[in-house]
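# Observations on the three-dimensional arrangement
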Amino acid sequence: MTCAEKIRLYTDGIAERTGRRPGVSVTTFGCQQNEADSERLTGIAESLGYRRTDNEEEAYLIIYNTCAVREHAELKALSRTGQLKHLKERNPELIVCVCGCMVAQEHRLEDIKKRYPYVDILFGTASHGRLAEYLAEKIESGGRAFYPDSDYQIEEGLPVCRESSFKAWVSVMYGCDNFCTYCVVPYVRGRERSRRRECILEEIRGLVAGGVRDITLLGQNVNSYGKGLYDDYSFADLLEDICGIEGDYIIRFMTSHPKDATFRLIDVMAEHSRQDSRPRIARQFHLPLQSGSDRILRAMNRRYTRDRYLSLVNYMREKIPDIAVSTDIIVGFPGETEEDFSDTLEMLETVRFDAFFSFIYSPRKGTPAARMEQVPDDVKTERFARMLEVQNRISREKNDLYVGRTERVLVEGRSKTDPGMMTGRNEKNRLIHFRGDDSLTGNFVNVKIISADTYYVEGAFEKEGLDEQNEVQSH
Ligand code: SAM
Ligand code: SF4
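All of these numbers come straight from a predicted model, not from anything done at the bench. (Residues numbered from 1 in each chain as written. Chains lettered and ligands numbered in written order. Predicted model: local features only at pLDDT ≥ 70, side-chain atom pairs only at ≥ 80, totals over all residues. Heavy atoms only, no water.)

### Quick look at the layout of surface pockets
Keep this limit in mind: The rule is simple: put a 1 Å grid over the protein atoms alone, call a set of points where a 1.4 Å probe fits but cannot get out a cavity, call an open set with protein on both sides within 12 Å along at least five of seven lines a pocket, and count a residue as lining if it has an atom within 4 Å of a point. Grid points are joined across faces, edges and corners, and a volume is the space filled by probe spheres set on the points. Helix and strand definitions follow DSSP, with helices as H or I runs of at least four residues and strands as E runs of at least two, each counted in order from the N terminus. Ten residues, namely Ala, Val, Leu, Ile, Met, Phe, Trp, Tyr, Cys and Pro, are considered nonpolar, four, namely Asp, Glu, Lys and Arg, are considered charged, and the remaining ones, Gly among them, are considered polar.
Estimated volume of the second largest pocket: approximately 510 Å³. Contributing to the lining of the second largest pocket are 29 residues, with Arg283, Glu407, Asn426, Glu427 and Lys428 lying nearest its centre. When contributions to the lining of the second largest pocket are tallied by element, the ones reaching two or more residues are strand S11 (250–254), helix H14 (377–400), strand S15 (406–414) and strand S16 (422–426). With 3 residues, S15 is the largest single contributor of residues to the lining of the second largest pocket. The residue makeup of the lining of the second largest pocket, split by class, is 10 nonpolar, 4 polar and 15 charged.

See below:
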């Protein structure tokens, strides 16, 4: 009997006894890659007879998929893990599994083993496909099981339970070879490895045929897609091939590394984001800058300069004038002086990003930057606040420009903060709120923008603006 068959029998047994299939609750900490991994873990659990639930109280399997990029994310996951003790006491059959980037670090694995004796299974990022095996071992032996990552492979064909029926993540590659000196990712996700193009294209064809409208290609550095797999096939080639797939959808991708992003990639984007035909590629580019100081970029081992960065942005804007550019910035990297920080602020003013994700530098065990001389916490916090002020002003000014325009919006559902409003995003990933009803969810609609805020804009739904295709679907 295979491990999957054993677990199926086990979950059938619980279902027979309790009158309900046992619940699985998967919680994600961290980035989009983790979200994509969690969708696979949920898919696998469902294929083993579990029923997806958001209520941990009724779960027989709880999975925490953790992040290690910053200490804050780790502490959050550890604190949540601490709270599981009482659930385990109430239901001794509950299996608790903690996995992902945090667990892929040996010191954390050991820490969790010792401090949380009710965690049954621990594994890293390398082998989600072995979940059935892990569960079977746990159920048969009754003991705890720990699986440090050893072999990073690409696992194709695993079941996926997607959170959304109209938006999807598609990983094109895994791992990272860049070793930015602040970053733990290369240590916890292994070396770069790309999926075969035919697997990616087949997955996207299936998604589009199933009604998915917004697809984000994922990788830590998508621009090195194909390295070690193809001699003469780049990320730009992959994008072109994807654009050959018929359907009403839009493609985004993240993350691009400025040292590897090519002008050809921008040319391909320009060709396939033209507004005179239905654009396939979103006019949006996420290009992490991290710092505006060449000295700090060198210390970060980023291997580009601010001039190189600016030349990419200028080329993008020349080819796609209204492209939205977003970025990641780290404040308080070791050795960052007031002058380095001013260089970063100056870059914010020069580029005028449409959105940015800012992080206070967090020392990560085992990375070179953690051993460098640190910037005091109060200086980091103060710079962070100043930077936010600058970017918030710019974001607000950029959002003001939307007022009076009509935007094509993919409706995501009710706003979490104001259930009276619907919420969605335009091609440029701008958050847009408007009054409407649930029937619009998952469709592209036109919204006339009436007012702007720092983080979103608000508008009015234009009924006659509904896409032809949406109208056909709703009849
Ligand atoms: N591969 C992507 C890239 O190179 O841009 C990013 C991956 S990382 C998960 C996402 C962001 O987290 C990074 O762009 C960086 O700004 C931030 N980050 C990574 N390590 C960090 C650290 N030690 N402290 C603070 N922020 C960090
Ligand atoms: Fe981390 Fe740098 Fe790799 Fe991004 S490119 S995952 S920041 S090491």
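### Side note on the pairing of strand S10 (residues 214–218)
Operational definition: Categorising residues by exposure relies on relative accessible area from a 1.4 Å probe, with only protein chains included: less than 20% of the type maximum marks a residue as buried, more than 50% marks it as exposed, and the intermediate range marks it as partly exposed. Any two strands are treated as partners once DSSP identifies two or more bridges connecting them.
Extensive coverage of S10 is indicated by the burial of 5 of its 5 residues. The alternating pattern of S10 places Asp214, Thr216 and Leu218 and Ile215 and Leu217 on opposite faces, both of which are buried. Sheet topology note: the strand S7 (residues 167–171)/S10 ladder contains 5 bridges and is parallel. Its bridge partner being in S10, Trp169 is matched across the sheet by Thr216. Of the pairings in the sheet, the one linking S10 to S11 comprises 5 bridges and is parallel in character. Opposite Thr216, over in S11, you have Arg252 as the bridge partner.

### Re the side chain of Arg108
For clarity, the cut-off: By the criterion applied in these results, polar contacts are pairs of N or O atoms within 3.5 Å in which, for protein atoms, one can donate a hydrogen and the other can accept it, and in which residues neighboring in sequence qualify only through two side-chain atoms. Every residue pair with non-hydrogen atoms within 4.5 Å of one another is taken to be in contact.
When you line up the elements, Arg108 lands in helix H5 (residues 106–115). Relative accessible area serves as the criterion here: at 12%, Arg108 is assigned to the buried category. Among the polar contacts listed, one links the side chain of Arg108 to the side chain of Glu74, at a separation of 2.8 Å. Contacts of Arg108, omitting those with residues within four sequence positions, involve Glu74, Leu78 and Met102.

### Some words on the sheet that holds S11
Here is the rule: Angles run from 0 to 180 degrees between N-to-C directions of axes, and those axes are lines fitted to C-alpha atoms, restricted for helices to the stretch in contact.
Strand order in the open sheet made by the 3 strands is S7-S10-S11, with parallel pairing throughout. The open sheet has two edge strands with one neighbour each: S7 and S11. Going across the sheet, the axis of each strand differs from the next one's by a mean of 25°, ignoring polarity. Here helix H8 (residues 197–209) sits on the sheet and contacts S7 and S10; the angle it forms with S7, its principal contact strand, is near 175°.

### Quick look at the packing of aromatic side chains
To keep things clear, this is the line we draw: The pairing test for Phe, Tyr and Trp rings, Trp by its six-membered ring, is centres within 6.5 Å, and the orientation test on the planes gives stacked under 30 degrees, edge-to-face over 60, and tilted for anything in between. Think of it as a cone above the ring: NZ of Lys or CZ of Arg counts as a charge over the ring if it is within 6 Å of the ring centre and within 35 degrees of the ring normal.
Counted by the stated rule, this structure contains 16 aromatic pairs. When the centroid spacing of 5.7 Å and the interplanar angle of 75° are considered together, the rings of Phe29 and Tyr64 count as edge-to-face. Taken together, the positions of Phe29 in the loop between strand S1 (23–28) and helix H2 (32–47) and Tyr64 in strand S3 (residues 59–66) put the pair 35 residues apart, joining distant regions of the chain. In terms of burial, Phe29 and Tyr64 fall into one category: buried. Every member of this aromatic cluster is reached through a ring pair, and the members are Phe123, Tyr134 and Tyr147. Here Arg197 stacks its cationic end above the ring of Tyr233, 4.2 Å away from the centre of that ring. Over the ring of Phe444 we find Arg408; its NZ or CZ atom is 3.9 Å from the centre of that ring.

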